Amino acid sequence: MTNSSPPCNQLVAWRGATTVNENTTTAVDQAVSELLDALVNRNQLQPRHLISVVFSVTADLDAMFPASVARRRPGWEGVALLDTQQMHVPGNLGRCIRFLAHGWLPEGRLPEHPYLRGAVSLRPDRQ
C-alpha cells in the first residue's frame, strides 16, 4: 500500500488569532477549539505534523489556559504547548487569543494562517 500524500519535510510556522465576547471558560474553550480546528483543517494537518504551539492572551482573559483546550485534543499528547500573557499596548484588540505554531508541511505548500472573529481585523490580508 502506498501513501498518496507527499512527505511532510518543510518546517513552517503558523500564526493565528481569535477573540471572545466574554472572559468565561465556555467562551475561551469554544474559541480555541474553533481556532485549532481552522488550523488543522485549512492546512490538512495530523497531530504528528505539529511540534509546538505557543498561545498568548490579552490581560483581560484569565478564565482558563488555552493550552488546556489543545491538551484534550486526540493525538496532541506529543505537541509542546505553552501559555503566556501578551504585553499590553493601549488601543490593542481586547479579549484576543493568539498562537504561534511550528510543524511540518509537504514541500512547496504554503501555511494557511487562521484569523477568526474579531481578530480578522489584525490581518485582513489573510482572509
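To start, this report covers the structure provided alongside it. (Residues numbered from 1 in each chain as written. Predicted model: local features only at pLDDT ≥ 70, side-chain atom pairs only at ≥ 80, totals over all residues. Heavy atoms only, no water.)

### Notes on the sheet that holds strand 1 (residues 8-19)
Then, number 1: Strand order in the open sheet formed by four strands is 1-4-2-3, with mixed pairing between adjacent strands. Each having just a single partner strand, strand 1 and strand 3 (80-85) make up the two edges of the open sheet. Adjacent strand axes in the sheet meet at a mean angle of 15°, parallel and antiparallel pairs treated alike.
Then, number 2: Relative to strand 4 (residues 96-106), strand 1 runs antiparallel, the two sharing 11 bridges. Its bridge partner lying in strand 4, Arg15 is registered against Leu100.
Then, number 3: Relative to the sheet, helix 1 (residues 25-43) contacts strand 1, strand 2 (50-57) and strand 4, its axis offset from that of strand 1 by approximately 150°. (Pairing = 2+ DSSP bridges. Helix = DSSP H or I, 4+ residues; strand = E, 2+ residues; numbered from the N terminus. Axes fitted to C-alpha atoms, helices over the stretch in contact; angles between N-to-C directions. Contact = heavy atoms within 4.5 Å.)

### Comments concerning the pattern of salt bridges
Then, number 1: All told, the structure shown has three salt bridges when counted by the stated rule.
Then, number 2: Taking the shortest distance from any N to any O, the salt bridge between Arg117 and Glu34 comes out at 2.7 Å. In this pair, Arg117 is assigned in the segment after strand 4 and Glu34 in helix 1, connecting sequence segments 83 residues apart.
Then, number 3: On the basis of relative accessible area, Arg117 is assigned to the partly exposed category, the value being 37%.
Then, number 4: Across the salt bridge formed by Arg73 and Asp37, the nearest N and O atoms sit 2.9 Å from each other. Placement of Arg73 in the loop between helix 2 (66-71) and strand 3 and of Asp37 in helix 1 is noted, with a sequence separation of 36 residues between them. (Salt bridge = Lys/Arg side-chain N within 4 Å of Asp/Glu carboxyl O. Buried < 20%, exposed > 50% of the residue type's maximum accessible area, 1.4 Å probe, protein only.)

### Regarding the environment of Ala13
Then, number 1: The residue Ala13 is located in strand 1 in this model.
Then, number 2: Ala13 sits in the partly exposed class, given a relative accessible area of 33%.
Then, number 3: If sequence neighbours within four positions are ignored, Ala13 has contacts with Leu100, Ala101, His102, Pro111 and His113.

### With respect to helix 1
Then, number 1: For helix 1, built from 19 residues, the straight-helix expectation of 27 Å at 1.5 Å per residue is met to within 8% by its first-to-last C-alpha distance of 27 Å.
Then, number 2: Just downstream of helix 1 lies Gln44, where phi reads positive at about 50°. (Expected span 1.5 Å × (residues − 1).)

### Considerations on the side chain of Thr18
Then, number 1: Along the chain, Thr18 falls in strand 1.
Then, number 2: Judged by its relative accessible area of 0%, Thr18 is buried.
Then, number 3: Every residue in contact with Thr18, bar those within four places of it in the chain, is listed here: Ala31, Glu34, Leu35, Arg95, Cys96, Ile97, Leu116, Arg117 and Ala119.

Interpretation note: all reported values are geometric properties and have no functional meaning in isolation.
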